Amino acid sequence: MAGHRVIPIAATSALPLRERKRQGPKGRKPTDSALAEVRQLLGDASRQSDLLIEHLHKLQDHFGHLSAAHLSALAQEMRLAQSEVYEVASFYHHFDIVKEGEDAPQALTVRVCDSLSCELAGAQQLLAKLPAILGRDVRVIPAPCIGRCEQAPAVAVGQKPVACATTQKVAECVKESRKDGSARHEPEGYMGLSQYKAAGGYKLLEACLSGQRDVESVIKVMEASGLRGLGGAGFPAGRKWRIVRNEAAPRLMAVNIDEGEPGTFKDRVYLERDPHRFLEGMLIAAWAVGIAGIYIYLRDEYHGCRQLLEQELARLKADPIARHLPPIELRRGAGAYICGEESAMIESIEGKRGMPRLRPPYVAQVGLFGRPTLEHNFETLYWVRDLVERGPEWFASKGANGRKGLRSFSVSGRVREPGVKLAPAGVTIQELIDEHCGGMADGHKFYAYLPGGASGGILPASMNDIPLDFDTLQPYGCFIGSAAVVVLSDRDSAVGAARNLMRFFRDESCGQCTPCRAGTAKALALINAPKWDLPLLAELSQVMRDASICGLGQAAPNPVDCVIKYFPHELA
C-alpha cells in the first residue's frame, strides 16, 4: 500500500520487543478471602495437578457447590490455568458450578435414579411427587444408575442411599440428614482385616512375598484358569499380567471400581462384604507384575464403600505385611459413566476430564502418568486368591452348557429375588430366573431381557436358551459385558427400554467424538418419534459403530438394533 513500508517476515525477528512479565495466571484474580478458604481446606495436601478432582471434591463437600471465586483461587493455588480447572469441574455431574450472580443450589440434593431397573420400579412417580413433599430447600434431580438396581427404585439423599424408596422413606431420610448432616452409611456386616486373616487371608500373599511361590507359576495358574476381565472387555487376565510385566519399569496399576453400567452392582456387593479378598488379589497381581504404585478408582456414588475401604486400607497399612506393599492411593470419581472405560479412568486419575484416549499406544504400554499400567476391574482381582489356592481346574470346572468358570450376575428387573447371583458361566436366562432368582415377580410374565447391561442389547423371552458367557451372544447382536441382567415382563416394552437406554447414552457421552456425541442425540430423537425411520437408524448405527472412539458410541446402537430385529411387532 502507498505510504506504508512492508517489513519482510524474516526481518521482524530483528525488531526490539517490549517484554511484559505476567504477575499471575491469566483470568480472574482470586479474592484474598477465597484464597484463604481454599488454602485452609487443602491444608498441607500436595498441590500436584493429578489431585485436582480430589481438591474439587473438598470444595464441593464443604460449600455444597463450586463458586467462581473458589475455582479461581484453586487454579492459582495449584498453578493451573483457570480454563483447565473450569473444564474439569464442568465435565463431572457431581460438581455444581455457581457463576457470578447465580444462586447456589439447595444445601441438600436428592438424586432419584432413573435408569431402566429403577424406572420399571416407579422412579418417574418419585420424581413427580418428591419436590412438593420435600419443599423448596431440597433439590430433587434425576440421576443415572447409582449401582443399587436390586434395591429399585433407588434414591440417594445427599450421600446416603435409600433402598426400595418410597416418598415416605425419602422424606424420613431427609429429616434425619437435617439432624445429622454427615448422613453416615452403615454397611451391613462385612469381613474386616482380623476376621479375614483368621480365615487364612493374606497367607497366599505372604507365601508370594517370601519366595514360597514364584511369579512364573502364579502367572501360569492365571493363564490356565481361563479367567477373563470381568469389567466387560473380557481380556485374559494372565496374559495381561505377562504383557505388562514385560514392559519397562516403573510399572503402575489402576483398579477400576467405577461400575457405572446400568444394571451392574456386583462390585459394590462384594466390596461391602469381603474387601480384603479383593485387596489380597490386587496385591498378588502387583507382586507378580512388579508394580511400583497402585491407584484405586472408586465411583463417587459408593460413599459407604469409600469409608469402608479407607478404614480397611488404614488397618492393612498398620499390619506387619505392609512393609512389602507398594504405595496405594484411593481416588474418587465424580459422576461420569465414561470413566468406566480404562483410558478415560486413567485420564480422570491424572486430574483431567475423563475422555478416552486413541489407541495405540495401549495402556499396558503407555498408561497412567505415561507408564506401563496394569488395569483391572474389581471382580477380576476378587477371584485371584481362590484361583491360585484352589488351582485352575477348580475354576474351569464350574461352567455349564460347554462353558468354563463362574460368573457373578447382577440381576434386576421383574424377578422375585433380584441380587448378585454367582452361577456357572454359560447358564441360560431361564435357568438364572428359575433356579437363582425364585422365578418371575408375582403377576409378571417373562417377556425380554438385557444380557449385558445398557449396552449389551435386548433379547426376547423366546431366546431363553442361549448360554450367557463371553462370545456366546455376539452372533445375536448382543454381548455379556459385566453380566448385568435386567429382566422385562409383559407389562414392559422393548421400545420403552431402548428409549431409556439411549437417553442415558446421550447424557453420558463425553462429547469428544462427533459420531457418539451427535449420534446418540439423533438416535434418541428418531426413536422418540411415533414412527421409526428404519433406514436412517440403520445408517446411523453403522456410522456410530465404525467411527466412535470408544465402546460407548460403538455399543450404544445395540438396544435399538435389537428392537428392530427382535421386536418388530412393537413398531407396527
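Going by the structure above, here's the rest.
A brief structural summary. No experiment lies behind these values; they were computed from the predicted model shown.

Glancing now at the packing of aromatic side chains. How two aromatic rings sit relative to each other is set out by the distance from centre to centre and by the angle between their planes. Using the criterion set out here, one finds 15 aromatic pairs in the structure. A centroid spacing of 5.7 Å and a plane angle of 50 degrees characterise the contact between Tyr447 and Phe567, whose relative ring orientation is tilted. Placement of Tyr447 in strand S13 (residues 446–450) and of Phe567 in the loop between helix H24 (558–566) and helix H25 (568–571) is noted, with a sequence separation of 120 residues between them. Owing to a relative accessible area of 1%, Phe567 belongs among the buried residues under this scheme. A connected cluster of aromatic rings, assembled from ring pairs, spans Tyr270, Phe278, Phe378, Tyr382, Trp383, Trp394 and Phe395. Cation over ring: Arg299 sits above Tyr302, and NZ or CZ is 5.3 Å from the ring centre. The residue whose ring lies beneath Arg407 is Phe470, and the NZ or CZ to ring-centre distance is 4.5 Å.

Turning our eyes to something else, we now look at the sheet that holds strand S8 (residues 291–298). Here four strands make up an open sheet; going across it, the order is S9-S8-S7-S10 and the pairing parallel. Either end of the sheet is taken by a strand with one partner, and the two such strands are strand S9 (328–332) and strand S10 (373–377). Between one strand axis and the next, the sheet turns by 20 degrees as a mean value, whatever way the strands run. Bridging between S8 and S9 involves five bridges; their strand directions are parallel. Across the sheet, residue Ile296 finds its bridge partner in S9, namely Leu330. The sheet strands contacting helix H14 (residues 303–317) are strand S7 (251–257), S8 and S9, and the helix crosses S9 at an angle near 170 degrees.

Turning to the sheet that holds S13, a few remarks are in order. Read across the sheet, five strands follow the order S12-S11-S15-S13-S14 without closing on themselves; strand pairing throughout is mixed. With one partner strand each, in any of the chains shown, strand S12 (419–424) and strand S14 (459–460) form the two edges of the open sheet. Summarising the sheet, S13 and strand S15 (residues 484–489) pair through four bridges and their orientation is antiparallel. Considered in S15, the bridge of Tyr449 is made with Val487. Where helix H12 (residues 266–273) meets the sheet, its contacts fall on strand S11 (406–413) and S12, and the angle it forms with S12 comes to roughly 95 degrees.

Core analysis: the largest hydrophobic core is formed by 153 residues, its most contacted members being Trp241, Phe278, Met282 and Ile296. Considering every element that reaches this core, the biggest residue donor is helix H13 (residues 275–289), with ten residues. Those residues within four positions of Met282 in sequence are excluded, and the remaining contacts are Met253, Val255, Ile294, Ile296, Ile328 and Leu381.

Scoring rules and cut-offs
- For every chain, the first residue of its written sequence is number 1, and the numbers climb from 1 along that sequence.
- Totals for whole chains, interfaces and linings use every residue, but because this is a predicted model, local features are given only for residues with pLDDT of at least 70 and side-chain atom pairs only at 80 or more, for both listing and counting.
- Hydrogens and waters are ignored; side-chain quantities use all the structure's heavy atoms.
- The pairing test for Phe, Tyr and Trp rings, Trp by its six-membered ring, is centres within 6.5 Å, and the orientation test on the planes gives stacked under 30 degrees, edge-to-face over 60, and tilted for anything in between.
- Segments assigned H or I by DSSP are reported as helices when at least four residues long, segments assigned E as strands when at least two residues long, and all are numbered from the N terminus.
- Here's how the labels work: a residue is buried when its accessible area is under 20% of the maximum for its type, exposed when over 50%, partly exposed in between, all with a 1.4 Å probe on protein chains only.
- Consider the ring centre and the ring normal. A charge sits over the ring if Lys NZ or Arg CZ is within 6 Å of that centre and within 35 degrees of that normal.
- The pairing criterion for strands is at least two bridges between them, as found by DSSP.
- In this analysis an axis means a line fitted to C-alpha atoms, helices contributing only their contacting stretch, and an angle means the value between N-to-C directions, from 0 to 180 degrees.
- In this analysis, two residues are considered to be in contact whenever any of their non-hydrogen atoms come within 4.5 Å of each other.
- We define a nonpolar core as any set of buried Ala, Val, Leu, Ile, Met, Phe, Trp, Tyr and Cys residues linked to one another through side-chain atoms lying within 4.5 Å.

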